[in-house]
Amino acid sequence: MNPSPEDVRAPEELVAPDARRYVHLGELGRGGLGKVALVRDRRLGREIAIKQLVHRSQASRARFLREAQLTAQLEHPAIVPVYDVGEDAGGEPYYAMRRVTGETLAQRVGAESTPAERLALVPVVLAAAEAIAYAHERGIVHRDLKPSNILC
């Protein structure tokens, strides 16, 4: 189901969850359900990522909040930890998480041309498989697993 244009929040409508606490530093990425912004957490003195919902439908909101809650339950070294869940000034949900840097597996596979270089990526694939197995053991299924969603 694709959202109608009026259900999608324009980038200028996405507001910092708490301007006193978070300083918006830029956008890190955007997907089908939300966008991820880099922010500086003034209270804790560190840069973190905040994911915000970009669709206004009730179904999208429910899916987004469920994603945040389920992700927060997973404590694994290869899964990004959720720090906080809340609502921005406009009442739209967001969740804060550790900022993760690096290239995606898709980028690395595309950049590596020899079998030996690609073979060196096996530990990344194994770490992702272990994280997914961990989630599956807890009844959680990742619905958008792909090389562009795995960071090296």
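Residues numbered from 1 in each chain as written. Predicted model: local features only at pLDDT ≥ 70, side-chain atom pairs only at ≥ 80, totals over all residues. Heavy atoms only, no water.

Please clarify how the pairing of strand β5 (residues 93-98) should be interpreted in this entry.
On a regular strand, one side chain projects to one face of the sheet and the next to the other, so that they alternate. Taking burial as the measure, the six residues of β5 include five buried ones, the bulk of the element. Here strand β3 (residues 46-53) runs beside β5; their pairing, made up of five bridges, is antiparallel. Counterpart to Ile50 in the pairing with β5 is Ala96. Pairing geometry for strand β4 (residues 82-87) and β5, over five bridges, is antiparallel. Bridge pairing links Glu87 to Pro93 in β5. (Buried < 20%, exposed > 50% of the residue type's maximum accessible area, 1.4 Å probe, protein only. Helix = DSSP H or I, 4+ residues; strand = E, 2+ residues; numbered from the N terminus. Pairing = 2+ DSSP bridges.)

What is the right way to read the sheet that holds β5 from this model?
The strands making up a sheet are joined through hydrogen bonds of the backbone, oriented either antiparallel or parallel. The sheet built from five strands is open, its strands ordered β1-β2-β3-β5-β4 with antiparallel pairing. Strands with a single pairing partner mark the edges of an open sheet, and in this sheet they are β1 (22-30) and β4. Across the sheet, the axes of successive neighbouring strands diverge by a mean angle of 25°, strand direction being ignored. In this fold helix α1 (residues 58-72) packs onto β3, β4 and β5, with an angle of close to 25° to the strand it touches most, β5. (Axes fitted to C-alpha atoms, helices over the stretch in contact; angles between N-to-C directions. Contact = heavy atoms within 4.5 Å.)

Just to check I follow, could you spell out the nonpolar core for this structure?
Most often, soluble globular proteins have nonpolar side chains that are buried together. Core analysis: the biggest nonpolar cluster contains nine residues, these being Leu33, Val36, Ala49, Leu53, Phe64, Ala68, Val82, Tyr95 and Met97. Looking at this core, the elements with two or more residues in it are β3, α1 and β5. (Core = buried A, V, L, I, M, F, W, Y, C linked by side-chain atoms within 4.5 Å.)

Teacher, can you tell me more about the pattern of salt bridges here?
Where charged atoms from two side chains of opposite charge come close, those side chains can pair. Enumeration over the complete set of coordinates arrives at ten salt bridges. Between Asp41 and Arg21 there is a salt bridge; the shortest N-O distance is 2.9 Å. Highlighted residues: Asp41 in strand β2 (residues 34-41) and Arg21 in the segment before β1, separated in sequence by 20 residues. Considered together, Asp41 and Arg21 belong to a single accessibility category, that of buried residues. (Salt bridge = Lys/Arg side-chain N within 4 Å of Asp/Glu carboxyl O.)

Sorry if this is basic, but what is going on with a nonpolar patch on the surface here?
Taken together, the side chains of Leu119, Val122 and Leu126 define a hydrophobic patch exposed on the protein surface, amounting to about 280 Å² of accessible area. Within the secondary structure layout, Leu119 lies in helix α3 (residues 115-119). (Patch = residues over 30% accessible without salt bridge, like charges linked within 9 Å, V, L, I, M, F, W, Y side chains within 5 Å. Areas by Shrake-Rupley, 256 points an atom, 1.4 Å probe, with all protein chains shown as cover.)

Would you explain the packing of aromatic side chains in this entry?
When we look at a pair of aromatic rings, we describe it by the centre distance and by the angle of the planes. Enumeration according to the criterion identifies two aromatic pairs in this entry. Measuring from ring centre to ring centre gives 6.4 Å for Tyr22 and Tyr94, while their planes differ by 75°; the resulting arrangement is edge-to-face. With a gap of 72 residues between them, Tyr22 in strand β1 and Tyr94 in strand β5 connect regions that are remote in the sequence. Tyr94 sits in the buried class, given a relative accessible area of 6%. Arg46 extends its terminal NZ or CZ atom over the ring of Tyr83, reaching a point 4.1 Å from the ring centre. (Phe/Tyr/Trp six-rings, centres within 6.5 Å; stacked < 30°, edge-to-face > 60°. Lys NZ or Arg CZ within 6 Å of the ring centre and 35° of its normal.)

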